[in-house]
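Results of the structural survey
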Amino acid sequence: MHSPVLVLNESVKRESGSKVHHANIQASKAVADIIRTTLGPRSMLKMLLDAAGGIVVTNDGNSILRELDVAHPAAKSMIELSRTQDEEVGDGTTSVIVLAGEMLHVAEAFIDKGYHPTVICRAYSKALEDAIAVLDKIAIPIDVNDRSTMLKMVKSCIGTKFTGQFGNLIADLAIDATTTVSIDIGNGLHEVDIKKYVKVEKVPGGELEDSKVLKGVMFNKDVVAPGKMRRRIINPRIILLDCPLEYKKGENMTNAELLREEDWSVLLKMEEEFIEKICSQILSFKPDLVITEKGLSDLAAHYLSKGGVSAIRRLRKTDNNRIAKACGATIVNRPEELQESDVGTGAGLFEVQKIGDEYFTFIVECKDPKACTVLLRGASKDLLNEVERNLQDAMCVARNMIKNPKLVPGGGAAELTVSATLKQKSSSVEGIEKWPYEAVAVAFEAIPRTLTQNCGVNVVRTMTALQAKHANGENVWIGIDGNTGEITDMKERGIWDAYNVKAQTFKTAIEASSMLLRIDDIVSGIKKKQAQGGPTKAKPLVEDGENVDSEQMLPD
């Protein structure tokens, strides 16, 4: 089974057989061990130095792993798992790595005994089907319109994070933001686009309790002419543009030859008339605020301020889209095409405020906003960055609940129920697949075991008591309280997990471990790096009889 390392040529190296399996398993376990201590509410924090020399303090699995620079391909694959989990459901990034590492760890014994990886993978996929069936069975539906249930749910999910200590604050922000941008698309389905329509604006200073969800949007801009334009307008009429309000410049470099002095003044007058025409087209709709993504010339600013209109220029496209969603305006590409229906009238207040040293524009008190901004205040940038990461997770959990309103017990109770059920079912599995199938049941215990370790209680005694409670698939809601290490009913403590997150964790972990087990060859075709001591200097070219006429000259 142990194949030697084959050197095909000086730059291509090949490893195969069980040696590769062992190397992959060891690399995956190493990645899992890095973030094992960050699982649960009593978890440790990690301090990371990023490439730019900045410091990141977090216990979020994905944030830690993306800062790692690893060489082994299996370890890179494991890190990718965490990123996938974060993009798909936004939570469970640590659990998926711990579970995948454990799945590979239990497979190592079968590889040593000479089991074929395909047999192990077949047993794993069978166990995954049964595990999802158990989750479906124990999941309970909830009413997403019941705020107290949603609050409990989001709180229990961010209880394991750094901001868990701030109580309801982050959970309230997350629920307010996601319900604001939720769009009913019929048949009981909802579309919640957090990435596009929820902006998190971090402003250092003040207290964390000052953070709030605005019924509208805010962005870091001031009006073009502060002295002449209004900074506060109630019930503004808003026009959004995607074109420059300045004289058009030619696509290519243009030269104009003027023969008479009067022609120069004619040329300037044409420019002025062009801008005046654009501004009059805009002013005919009687707007109070004009926002454009492109430039706005001083002359255009003069005409607009003369008409009592405030203007903001060079706004990001994403911010412009959010304003359109919040106030009901339509972004227009050409002023000639403006219509009354394009004017946004849904906003209640436009205001420019100074926070710290910078000016921020607020378009708030919108009637039915489908976009919002979460304003975060806090003592330092590091604190704000960590709060933002936790808020993103909380919003993803709230989004999952709106999309698929089902709950499963947290605190390792779901994993223990799945484990007990799989152990019972393993007796009915025929052939040699029985043993890897049973090993999956043991691997699921890694989550409650890690929670117990991070609480600082006696692991063996607690795990034995938990296994006894779940022995026959009973006591589905009995798990471990991550704060105290007590064995309690998860329903009473309000410790829940979203069904989506748990199902995705199981699928990702088992499918990824199966993929890594199927690898039996690693061929690297990377050229050898130059010998230490840096690159060798090229020898100077010296002319001789043969190349005397060439252009290569002697170096200075």
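All values reported here derive from a predicted model rather than from experimental measurement.

Rules and cut-offs
- Residues numbered from 1 in each chain as written.
- Predicted model: local features only at pLDDT ≥ 70, side-chain atom pairs only at ≥ 80, totals over all residues.
- Heavy atoms only, no water.
- Patch = residues over 30% accessible without salt bridge, like charges linked within 9 Å, V, L, I, M, F, W, Y side chains within 5 Å.
- Areas by Shrake-Rupley, 256 points an atom, 1.4 Å probe, with all protein chains shown as cover.
- Salt bridge = Lys/Arg side-chain N within 4 Å of Asp/Glu carboxyl O.
- Lys, Arg positive; Asp, Glu negative; His and termini not counted.
- Charge placed at Lys NZ, Arg CZ, Asp CG, Glu CD.
- Helix = DSSP H or I, 4+ residues; strand = E, 2+ residues; numbered from the N terminus.
- Buried < 20%, exposed > 50% of the residue type's maximum accessible area, 1.4 Å probe, protein only.
- Contact = heavy atoms within 4.5 Å.
- Phe/Tyr/Trp six-rings, centres within 6.5 Å; stacked < 30°, edge-to-face > 60°.
- Core = buried A, V, L, I, M, F, W, Y, C linked by side-chain atoms within 4.5 Å.
- Axes fitted to C-alpha atoms, helices over the stretch in contact; angles between N-to-C directions.
- Parallel < 35°, antiparallel > 145°, perpendicular 65-115°, else oblique.
- Left-handed = near helix turned anticlockwise from the far one by under 90°.
- Pairing = 2+ DSSP bridges.
- Expected span 1.5 Å × (residues − 1).
- pLDDT = per-residue confidence, 0-100.

Let's talk about a negative patch on the surface
A cluster of acidic residues, Glu271, Glu272, Glu273 and Glu276, forms a negative patch at the surface. Tracing the chain through its elements places Glu271 in helix α9 (residues 261–283). A relative accessible area of 30% means that Glu271 is categorised as partly exposed.

A look at helix α15 (residues 446–455)
For an α-helix, 3.6 residues make a turn, and residues three or four places apart therefore share a direction. Across the 10 residues of α15, 8 count as buried, placing the element largely inside the fold. If you check which residues of α15 are buried, you get Ala446, Ile447, Pro448, Thr450, Leu451, Thr452, Asn454 and Cys455. On its buried side, α15 packs onto α4 (93–112), α13 (413–425), α14 (434–443), α16 (459–469) and β20 (478–480). Once α15 ends, the next one or two residues include Gly456, with phi positive near 85 degrees.

Points about the packing of aromatic side chains
The tally for this structure, following the rule as stated, stands at 4 aromatic pairs. Their ring planes at 55 degrees and their centres at 5.1 Å tell us that Phe110 and Tyr115 sit as a pair that is tilted. Plain terms: the ring middles of Tyr247 and Phe274 are 5.5 Å apart, the flat faces sit at 85 degrees to each other, and that makes the pair edge-to-face. Of this pair, Tyr247 sits in the loop between β12 (238–241) and α9 while Phe274 sits in helix α9; the two residues are 27 residues apart in sequence, bridging distant segments of the chain. A relative accessible area of 32% places Tyr247 in the partly exposed class. On the basis of relative accessibility, which here comes to 28%, the residue Phe274 falls in the partly exposed class.

Observations regarding the nonpolar core
In globular proteins that are soluble, nonpolar side chains generally tend to be buried together. One finds Ile97, Tyr124, Leu135, Leu391, Phe444, Phe506 and Leu517 to be the most contacted residues of the largest nonpolar core, which totals 112 residues. Sort the elements by how many residues they give to this core and helix α5 (residues 117–138) lands first, with 12 residues. Discounting chain neighbours no more than four positions away, the residues touching Ile97 are Val31, Ala32, Ile35, Leu65, Met78, Leu81 and Ser82. Counting 42 residues, the second-largest nonpolar core is a separate cluster that includes Ile238, Ile282, Val290 and Val332.

Remarks on the pattern of salt bridges
Across all of its chains, the model carries 33 salt bridges by this definition. Between Lys126 and Glu433 there is a salt bridge whose closest N-O contact spans 3.3 Å. Of the two residues, Lys126 is situated in helix α5 and Glu433 in the loop between α13 and α14; the sequence distance between them amounts to 307 residues. Residue classification places Glu433 among the buried positions, given a relative accessible area of 12%. The salt bridge involving Glu486 is made with Arg493; its shortest N-O contact spans 3.0 Å.

Some remarks on the packing of helix α1 (residues 18–35) against helix α3 (residues 73–88)
With their axes 8 Å apart at the nearest point, α1 and α3 run at an angle of 45 degrees to one another. Taken together, the axis directions place α1 and α3 in an arrangement best described as oblique. For the pair α1 and α3, the sense of crossing is right-handed. When α1 is examined against α3, the residues Asn24, Ala27, Ser28 and Val31 are found in contact with a partner set consisting of Ala74, Ala75, Met78 and Ile79.

Considerations on the sheet that holds strand β14 (residues 310–312)
In spatial order, the strands read β14-β13-β12-β15; together these 4 strands make up an open sheet with parallel pairing. Of all the strands in the sheet, just β14 and β15 (331–332) have a single pairing partner and so form its edges. Pairing between β12 and β15: 2 bridges, direction parallel. Residue Leu241 lies in a different strand from β15, and its bridge partner there is Val332.

Brief notes about α13
The end-to-end C-alpha separation of α13 is 18 Å, in line with the 18 Å expected for 13 residues at 1.5 Å each. Within α13, 10 of the 13 residues are buried, which leaves it mostly tucked inside the rest of the structure. Considered for burial, the residues of α13 that qualify are Ala413, Ala414, Glu415, Leu416, Thr417, Val418, Ser419, Ala420, Thr421 and Leu422.

Examining the sheet that holds strand β18 (residues 372–378)
With mixed pairing, 3 strands are arranged side by side in an open sheet as β8-β18-β9. Strand pairing shows two members of the sheet lacking a second neighbour, β8 (198–204) and β9 (212–214), which therefore form its edges. Strand-to-strand twist across the sheet, computed as the mean angle between neighbouring axes with direction ignored, equals 25 degrees. Bridging between β8 and β18 involves 7 bridges; their strand directions are parallel. Looking across to β18, one finds that Pro204 is bridged to Gly378.

Concerning the environment of Ala471
Its place among the elements puts Ala471 in the loop between α16 and β20. Note on Ala471: relative accessible area 41%, which makes it partly exposed. For the pair formed by Ala471 and Ser419, sequence separation is 52 residues and the distance between their alpha carbons is 9.4 Å. Those residues in contact with Ala471 that sit more than four places away from it in its chain are Ala420 and Gln424.

Structural notes on unusual backbone geometry
One can expect most non-glycine residues to show negative phi and most peptide bonds to be in trans. For Lys286, which is not glycine, the phi dihedral falls at a positive 50 degrees. Relative to the helices and strands, Lys286 is located in the loop between α9 and β13 (289–292). The phi angle at Glu365 is positive, at roughly 55 degrees, despite the residue not being glycine. By the secondary structure assignment, Glu365 is in the loop between β17 (358–364) and β18.

Description of a nonpolar patch on the surface
On the surface, Leu258, Trp264, Val266, Leu267, Leu268 and Met270 cluster together into a nonpolar patch covering about 530 Å² of accessible area. Counting through the fold element by element, Leu268 comes out in helix α9.

Remarks on the confidence of the model for the protein
On average, residues of the protein score 84 in pLDDT, and 90% of them reach the 70 mark or higher. Here residues 1–12 is modelled with pLDDT under 50, and outside its nearest four sequence neighbours on either side it reaches 23 contacts, counting other chains as well.

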